[in-house]
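Each chain, letter by letter, is given below.
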Amino acid sequence: MKITMIGTGYVGLVTGTCLAEVGNDVLCLDVDARKIDMLQGGIVPIHEPGLEPMIRRNAAAGRLQFTTDVDRAVAHANLQFIAVGTPPDDDGSADIKYVLQAARNIGRRMTQTTLVVDKSTVPVGTADRVREVIAEELAARGVDIPYSVASNPEFLKEGAAIEDFMKPDRIVIGADDEHAIGLLRTIYAPFQRNRERLLVMDVRSAELTKYAANAMLATRISFMNELANLAEKLGADIEQVRQGIGSDPRIGWHFLYPGVGYGGSCFPKDVKALRHTAERVGSPLRVLSAVESANDAQKQVLVDKVVARFGFDLRDRRFALWGLAFKPNTDDMRDAPSRVVISALTSRGASIVAYDPVAMDEARRVLGDTSQLAFATDPLAACDGVDALVVVTEWKEFRSPDFDGMKRRMKQALIFDGRNLYEPEVVRAAGFEHVAIGRR
């Protein structure tokens, strides 16, 4: 089938590439000419395991193309996916101006029966707005062309997006006409051959489902972080508590790991947007206010532990920092806890030597040049002459470090473990002082 993907950000690029992988003819549109030039040259602007070879393979086969030409993109297909950004507005609401602009572009140019699919994370009611905008443009042209608008939210985890798309646990479709549902069933048939994964619902329920899923996961994270802080005060061990509650099938094991707070492009933005929506209709989600406050506070917990150990004045202190991206397997620095930790420590005079397997170029761009922040070529090099190691992101390569080599390089054998990556007994046996989150 011919498909147009409007937007080549994280969602659009992964979705378009995976749809091409199963044989569809996909044209990806973006107004960013530099990004399109990169993609046409085989350069992928984001880090996502497995994405680059898949893009190159499908581009070489002619199934995946990239353009800045809006006319060409609309003419390419009668199935138009909108996967543009919805950045937070000043009041926390999701800004859907790019979604509506994409809809206007479709309405101004479409010449055949068209299905428009909202893939972007959008507030409840956005599909109605998209439908109205297209109707306005068709009326302005004086033409009557049938069209439908559906919601198809994404549930991709950064760092595992290819696997999530190719082997989804569910595919949510919000639509109110059988033609749209049938077309989307055809599109997603290759991804659910062993069992039915399609959940068909009304459009507004589909739009809310996406926000509800991310808000629930953020809630679990903040709850575990608060519980870890309490465990410290009570002399309990949060890892033992985690096992005790995770073994309950009603609770399960996912998102029960305490740390330094959540970040990234989804949870912070989506929690704010859902809170704004709820307040706008007079039904505030008080639990999400607490989730957000707890997360903001949790990003300071590791800093507070450093200050408690070394004092407020850190002008003569040097720290190694492992992990810059907000989570492993991505270079995404948006709302990353590392940014809070770095800012807080350097504002107290500390110098930092940071290492991340993939996010250092993005970190340089985001954090800028400063004499207090340097970047190391490998984890051990970051430890040269430091007063302590601060672990912020749980990359696999950090899990079994060379403790002896680290100890020889560091001024003090001290680890601030912001992700509870190490067992306290193991670290202590290696001769290190170990400060973790909620561990006894």
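Residues numbered from 1 in each chain as written. Predicted model: local features only at pLDDT ≥ 70, side-chain atom pairs only at ≥ 80, totals over all residues. Heavy atoms only, no water.

Draft legend 1. Geometry of the environment of Gly85. Along the chain, Gly85 falls in the loop between strand 4 (79–82) and helix 5 (97–109). Those residues in contact with Gly85 that sit more than four places away from it in its chain are Asp95 and Tyr98. (Helix = DSSP H or I, 4+ residues; strand = E, 2+ residues; numbered from the N terminus. Contact = heavy atoms within 4.5 Å.)

Draft legend 2. The arrangement of the pattern of salt bridges in detail. In the structure shown here, the tally under the stated rule is 32 salt bridges. For the salt bridge of Lys35 with Asp30, the shortest nitrogen-to-oxygen distance reads 3.9 Å. By relative accessible area, Asp30 is classed as buried at 11%. Two residues, Asp387 and Arg317, come together in a salt bridge whose shortest N-O distance is 3.3 Å. (Salt bridge = Lys/Arg side-chain N within 4 Å of Asp/Glu carboxyl O. Buried < 20%, exposed > 50% of the residue type's maximum accessible area, 1.4 Å probe, protein only.)

Draft legend 3. Examining the packing of helix 11 (residues 267–280) against helix 12 (residues 286–298) more closely. Interaxial distance between helix 11 and helix 12 falls to 10 Å at its minimum, and their mutual angle equals 150 degrees. Comparing their axes, helix 12 and helix 11 come out roughly antiparallel. The handedness of the crossing between helix 11 and helix 12 comes out as left-handed. Side by side, helix 11 and helix 12 meet where Val271, Lys272, Leu274 and Arg275 of the first sit next to Leu288, Ser289 and Glu292 of the second. Here the residues of the contact of helix 11 with helix 12 sort into three nonpolar, one polar and three charged. (Axes fitted to C-alpha atoms, helices over the stretch in contact; angles between N-to-C directions. Parallel < 35°, antiparallel > 145°, perpendicular 65-115°, else oblique. Left-handed = near helix turned anticlockwise from the far one by under 90°. Nonpolar A, V, L, I, M, F, W, Y, C, P; charged D, E, K, R; others polar.)

Draft legend 4. Quick peek at the packing of aromatic side chains. Applying the stated criterion across every chain yields a total of 11 aromatic pairs. Look at Phe255 and Phe267: their rings are 6.2 Å apart centre to centre, the planes differ by 45 degrees, and that puts the pair in the tilted class. You can see Phe255 sitting in the loop between helix 10 (238–246) and helix 11 and its partner Phe267 sitting in helix 11, a full 12 residues away along the chain. Put simply, the rings of Phe165, Tyr188 and Phe191 touch in pairs and so form one group of aromatic residues. Sitting above the plane of the Phe310 ring, Arg309 keeps its charged end 5.3 Å from the centroid. (Phe/Tyr/Trp six-rings, centres within 6.5 Å; stacked < 30°, edge-to-face > 60°. Lys NZ or Arg CZ within 6 Å of the ring centre and 35° of its normal.)

Draft legend 5. Representation of the pairing of strand 10 (residues 351–355) within the structure. Summarising burial for strand 10: four of the five residues are buried, a large majority. In the sheet, strand 9 (residues 318–322) pairs with strand 10 via five bridges, with the strands oriented parallel. Within strand 10, the position partnered with Arg318 by the bridge is Ser351. This β-α-β element, strand 9 to helix 14 (residues 337–347) to strand 10, shows right-handed connectivity. Sheet analysis places strand 10 next to strand 11 (residues 373–375), joined by three bridges and oriented parallel. Directly across from Ala354, in strand 11, lies its bridge partner Phe375. Read as a crossover between parallel neighbours, the route from strand 10 over helix 15 (residues 360–367) to strand 11 is right-handed. (Pairing = 2+ DSSP bridges. Right-handed = clockwise from strand over helix to strand, strands pointing away.)

Draft legend 6. Structural detail: the packing of helix 9 (residues 203–234) against helix 12. Closest axis-to-axis distance for the helix 9/helix 12 pair is 9 Å, and the angle between their directions is 55 degrees. With respect to helix 12, the axis of helix 9 lies oblique. You can see that helix 9 and helix 12 cross each other, and the crossing is left-handed. Facing Ala215, Ala218, Thr219, Ser222, Asn225, Glu226 and Asn229 of helix 9, the residues of helix 12 in contact are Leu288, Val291, Ala294, Asn295 and Gln298. Residues that form the contact of helix 9 with helix 12 fall into these classes: five nonpolar, six polar and one charged.

Draft legend 7. View of unusual backbone geometry. Even without being glycine, Asn329 reaches a positive phi, approximately 65 degrees. As for its position among the elements, Asn329 is in the loop between strand 9 and helix 14. Judged by its relative accessible area of 32%, Asn329 is partly exposed. Even without glycine at this site, Asp335 takes up a positive phi of about 55 degrees. Take Asp335: it is sitting in the loop between strand 9 and helix 14.

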